[in-house]
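Coordinate analysis (summary)
Next come the chains, spelled out residue by residue.
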Amino acid sequence: MLKIDDLDKKLYGYHLAKIYGPYNQTYEAREIIVLYYSDKVKRTLSYPKYLMERKLGRLLEQNETVDHIDEASINNNIENLQILSREDNIRKSQSKYGNIDCLVCNKSFKQKYSYSKYCSNKCRYKARELGLH
Ligand SMILES: [Zn+2]
């Protein structure tokens, strides 16, 4: 559980009760944190977004997204995070990587991130079962 400080209170509300996380939901997914306003009311937030909002001391605008500079969505070092507009973020992820063969099923697929090795979540889970990484 993260400790709530004055900046959290300013950004996310004075009635914030606690913050849990960060959690990693699935392999390659962004980490998340959970803000609790009470035992029953909670909100899920992207951890990189939370880190960036704390760094800037303000909430992100509608068109601002947090980009991982090295494309590794698990590397949440603040030095690795930058703000991109939604359009620029989409452009960046579309342009960069080519096709490779899935390590599990051998199908050729377009890489979304430099570290993607599997064509689908199904193959990703299969790889985990097989002990590949
Ligand atoms: Zn596959």
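Placed above this text is the structure.
Now for a look at the structure at hand. (Residues numbered from 1 in each chain as written. Predicted model: local features only at pLDDT ≥ 70, side-chain atom pairs only at ≥ 80, totals over all residues. Heavy atoms only, no water.)

In a beta sheet, neighbouring strands pair by backbone hydrogen bonds and run either parallel or antiparallel. Taken in spatial order, the three strands of this open sheet run S1-S2-S3, and their pairing is antiparallel. Each of the sheet's edge strands pairs with one partner strand only, and the pair in question is strand S1 (18–24) and strand S3 (42–46). Neighbouring strand axes in the sheet, compared pairwise and without regard to direction, differ in orientation by 20° on average. Direction of pairing for S1 relative to strand S2 (residues 31–36): antiparallel, over a ladder of five bridges. Looking at S2, one finds that Lys 18 is bridged to Tyr 36. Lying over the sheet, helix H2 (residues 47–56) contacts S1, S2 and S3, oriented at roughly 85° with respect to S3. (Pairing = 2+ DSSP bridges. Helix = DSSP H or I, 4+ residues; strand = E, 2+ residues; numbered from the N terminus. Axes fitted to C-alpha atoms, helices over the stretch in contact; angles between N-to-C directions. Contact = heavy atoms within 4.5 Å.)

In an α-helix, one turn spans 3.6 residues; hence positions three or four apart end up facing the same way. Of all the positions in H2, only Tyr 47, Pro 48, Tyr 50, Leu 51, Met 52 and Glu 53 are classed as buried. Tucked into the core, H2 has its buried residues touching helix H1 (6–12), S1, S2, S3, strand S4 (64–68) and strand S5 (81–85). Structurally, the start of H2 carries an N-cap: the backbone nitrogen of Lys 49 is 3.1 Å from a side-chain oxygen of Ser 46. In the segment just after H2, Gly 57 is the residue with positive phi, at about 75°. (Buried < 20%, exposed > 50% of the residue type's maximum accessible area, 1.4 Å probe, protein only. Polar contact = N/O pair within 3.5 Å; in protein donor to acceptor, adjacent residues only side chain to side chain.)

Such coordinate-based values are descriptive only and should not be taken to indicate function.
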